[in-house]
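# What the coordinates show
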Amino acid sequence: MIRFLSFNLIFFSFLATNAALAEECDLTVSISSPQSIVYEDSSIPHEYIITLTKANSAACAGRIGFSTGASGSYSRKLYFGTNYLEYNLYGSTALSTTQKDIPDAASSSEYISFSFGEGQNLQQQKSVFLKIANNQQPTYFKEYGNYTDSITVSFYPADSTTSYKSTSLNLSAQVQSVLAVRVGTVSSFYSSSTSTTTVNLSSANQNGSASIYVLSNQSYSIGISSLNLGKIVHSTDPNFYIPYSTTLSGSNISLTSDYSLNNNPI
């Protein structure tokens, strides 16, 4: 009889321990974001600070998991239309381990743990770091614009894969405008704004040419105009002139008025 009673007491103690471990932290959560993130070929990590405030008085512990975002995998992406920047989330500036949601995590390094002692209005901060992958435009420019993604941040008890609270983490990065023009030979210099050139006609074959090179990650227009509306005019007598034809990319264009060609390089 004494042995049976002892067994029941031990069993009750085991259940009580598990109940304490499973208790959820009653949390309020806020996340601070960097002021702005601009994409560069070698970007630095950017810190998001998660502030946890516990409202219930009992001691508790938990874990924080991070969803895949719009990419649907842990190869995360910031999107601007169909264009994207590859990035990921990490638990430290060492950038050694990708942060995942709790059901997908293989080890404790793939999520953030927290614990509170007894008492209300206790507060602590945890950090997660966004790192945009380096050198994503070695042969072409990423399109100018604001790239975004939304991650679900979920909170779990220390011993369960069922979340009891979640919030959104909105991420964004800006790809800056690039526009440079070069008119003339391959050895000509690029200009950061518009550029002009004069084409001289050869006395031998009476034709001349110039090339237009544009570096741009946004829509742009090429404008061509003629001072004398497509005619070579005598230097002292405007009544004497020689008409000429102009081609652009193999097609004839008229210079009796300003000509404009719109382009979208992406």
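In case you missed it, the structure is sitting above this.
The biggest cluster of nonpolar side chains holds 28 residues, and the ones touching the most others in it are F66, I132 and L171. Looking at this core, the elements that each hand over two or more residues are strand 2 (46-54), strand 3 (60-66), strand 5 (83-90), strand 6 (112-116), strand 7 (122-132), strand 8 (145-157) and strand 9 (165-175).

Another aspect to go through is the pattern of salt bridges. The tally for this structure, following the rule as stated, stands at one salt bridge. When the shortest N-O distance is used, the salt bridge between K100 and E110 registers 3.6 Å. In this pair, K100 is assigned in the loop between strand 5 and strand 6 and E110 in the loop between strand 5 and strand 6, connecting sequence segments ten residues apart.

Of note, I37 is situated in the loop between strand 1 (27-32) and strand 2. Along the sequence, I37 and A173 sit 136 residues apart, while their C-alpha atoms lie 4.8 Å from each other. If near-sequence neighbours (up to four positions away) are discounted, I37 is found in contact with H46, Y48, L130, I132, S172, A173 and Q174.

Summed over the entire model, instances satisfying the criterion amount to one disulfide. A disulfide bridge connects C25 with C60, and the sulfur atoms are separated by 1.9 Å. Every disulfide takes its handedness from the sign of the S-S torsion; for C25 and C60 that torsion is 115°, giving right-handed. Here C60 lies in strand 3 and C25 lies in the loop between helix 1 (2-22) and strand 1, a separation of 35 residues in the sequence. Owing to a relative accessible area of 2%, C25 belongs among the buried residues under this scheme. Here C60 falls in the buried class, since its relative accessible area comes to 5%.

The rules behind each value
Residues numbered from 1 in each chain as written. Predicted model: local features only at pLDDT ≥ 70, side-chain atom pairs only at ≥ 80, totals over all residues. Heavy atoms only, no water. Core = buried A, V, L, I, M, F, W, Y, C linked by side-chain atoms within 4.5 Å. Buried < 20%, exposed > 50% of the residue type's maximum accessible area, 1.4 Å probe, protein only. Helix = DSSP H or I, 4+ residues; strand = E, 2+ residues; numbered from the N terminus. Salt bridge = Lys/Arg side-chain N within 4 Å of Asp/Glu carboxyl O. Contact = heavy atoms within 4.5 Å. Disulfide = S-S within 2.5 Å.

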